[in-house]
Amino acid sequence: MSEFRVASRYAKSLIDLAREQNALDAIYADMLQVIEVIKSNSQLQAVLKNPIIKLDKKESILSNIFGKSAHPVLLSFFKLLVEKGRAGVLFATAKEFIVEFNQERGIVEASVLSAVPLSSEQKEQIISIVKEEYGSEVILVNEIDAELIGGFILTVGDRQVDASIAGKLNRLEQHFLK
């Protein structure tokens, strides 16, 4: 079974459990923290995926990192993942949990790739356009890529709008090559 499917199933189970325990918002906040910690520490991801490292060692590492701040339900979930030999899908499960949570709450995540950081006014304009299109709350993530030269690339779900200068130059080049 693919990592995505496994992560999706675990994320849905965790959402159900969190809902039962009235801890959905707390676990959402903890999962955001889990994503940030694993993103910033590639060694942690490597340890969790490594089949040679003993399960109790992985459980101890997760407990030491998140034990003081994470919700007890989440800590039990970590223990279950490790015991089932699925610690390697923790990062994917956390990301899928956020996706499921956002869908449940009607939140759309939009990503803007731009050459320079967007001003708060530009962010508000993009948020209002996406909100108008999708009719829901919007979380906007701004990433920087100087190679775009100018403009932006907006991604919402599986839709993408390329309004970058680099994109326009590439399309112009393709047109001339024809």
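Model, not experiment: these values are computed from the prediction. (Residues numbered from 1 in each chain as written. Predicted model: local features only at pLDDT ≥ 70, side-chain atom pairs only at ≥ 80, totals over all residues. Heavy atoms only, no water.)

Caption draft 1: Here's a closer look at the pairing of strand E2 (residues 137-144). As defined by bridge partners, strand E1 (residues 107-114) adjoins E2 across 8 bridges and the pair is classed as parallel. Bridge assignment links Ala-110 to a residue of E2, and that residue is Leu-140. Remark: the E1/helix H7 (residues 120-134)/E2 crossover connection has right-handed handedness. (Pairing = 2+ DSSP bridges. Helix = DSSP H or I, 4+ residues; strand = E, 2+ residues; numbered from the N terminus. Right-handed = clockwise from strand over helix to strand, strands pointing away.)

Caption draft 2: Expanded view of the environment of Arg-86. Positionally, Arg-86 belongs in the loop between helix H5 (72-83) and helix H6 (90-105). Measuring from C-alpha to C-alpha, the distance between Arg-86 and Ser-69 comes to 22 Å, with 17 residues separating the pair along the chain. With sequence-adjacent residues up to four places away left out, Arg-86 is seen in contact with Val-6, Tyr-10 and Leu-81. (Contact = heavy atoms within 4.5 Å.)

Caption draft 3: Representation of the packing of helix H1 (residues 3-20) against H6 within the structure. Taken N-terminus to C-terminus, the directions of H1 and H6 make an angle of 55°; their axes are 8 Å apart at the nearest point. Taken as axis vectors, H1 and H6 run oblique relative to one another. Judged by the twist between their axes, the crossing of H1 over H6 is right-handed. Within the contact between the two elements, H1 uses Glu-3, Phe-4, Ala-7, Ser-8, Tyr-10, Ala-11, Lys-12, Leu-14, Ile-15 and Arg-19 and H6 uses Ala-92, Thr-93, Glu-96, Phe-97, Glu-100, Phe-101 and Glu-104. Residues that form the contact of H1 with H6 fall into these classes: 9 nonpolar, 2 polar and 6 charged. (Axes fitted to C-alpha atoms, helices over the stretch in contact; angles between N-to-C directions. Parallel < 35°, antiparallel > 145°, perpendicular 65-115°, else oblique. Left-handed = near helix turned anticlockwise from the far one by under 90°. Nonpolar A, V, L, I, M, F, W, Y, C, P; charged D, E, K, R; others polar.)

Caption draft 4: Structural detail: the nonpolar core. Grouped together as the largest cluster of nonpolar side chains are 33 residues, with contacts concentrated most on Ile-27, Met-31, Val-34, Leu-74 and Phe-97. Of all the elements in the fold, those that place two or more residues in this core are H1, helix H2 (24-40), helix H3 (42-49), helix H4 (55-66), H5 and H6. By residue number, the principal contributor to this core is H2, which donates 7 residues. For Ile-27, the contacting residues outside a window of four places in its chain are Leu-14, Ala-18, His-71, Val-73, Leu-74 and Phe-97. Formed by 11 residues, the second largest nonpolar core is a distinct cluster that contains Ala-110, Leu-118, Val-138 and Leu-154. (Core = buried A, V, L, I, M, F, W, Y, C linked by side-chain atoms within 4.5 Å. Buried < 20%, exposed > 50% of the residue type's maximum accessible area, 1.4 Å probe, protein only.)

Caption draft 5: Quick peek at the packing of aromatic side chains. This structure, assessed with the given rule, holds 3 aromatic pairs. Summarising the aromatic geometry, the rings of Tyr-28 and Phe-101 are spaced 4.0 Å apart at their centres and angled 20° between planes, so their arrangement reads as stacked. Pair noted here: Tyr-28 is in helix H2 and Phe-101 is in helix H6, with a separation of 73 residues, a long-range link. In this structure Phe-101 comes out as buried when scored by relative accessible area, which is 4%. (Phe/Tyr/Trp six-rings, centres within 6.5 Å; stacked < 30°, edge-to-face > 60°.)

Caption draft 6: A look at the pattern of salt bridges. Evaluation of the coordinates by the stated rule reveals 6 salt bridges. With a shortest N-O distance of 3.3 Å, Glu-133 and Arg-159 are connected by a salt bridge. Highlighted residues: Glu-133 in helix H7 and Arg-159 in strand E4 (residues 159-162), separated in sequence by 26 residues. For Arg-159, a relative accessible area of 46% puts it in the partly exposed group. In this structure, a network of salt bridges that share partners links the residues Asp-16, Arg-19 and Glu-104. (Salt bridge = Lys/Arg side-chain N within 4 Å of Asp/Glu carboxyl O.)

Caption draft 7: How the structure looks around the side chain of Glu-96. Turning to its location among the elements, Glu-96 is positioned in helix H6. Not counting the four nearest positions on each side in its chain, Glu-96 is found in contact with Phe-4, Ala-7, Ser-8 and Ala-11.

Caption draft 8: Fine view of the side chain of Asn-102. Take Asn-102: it is sitting in helix H6. For Asn-102, a relative accessible area of 4% gives the class buried. Apart from residues no more than four positions distant in its own chain, Asn-102 is found in contact with Tyr-28, Ile-107, Glu-109 and Ile-139.

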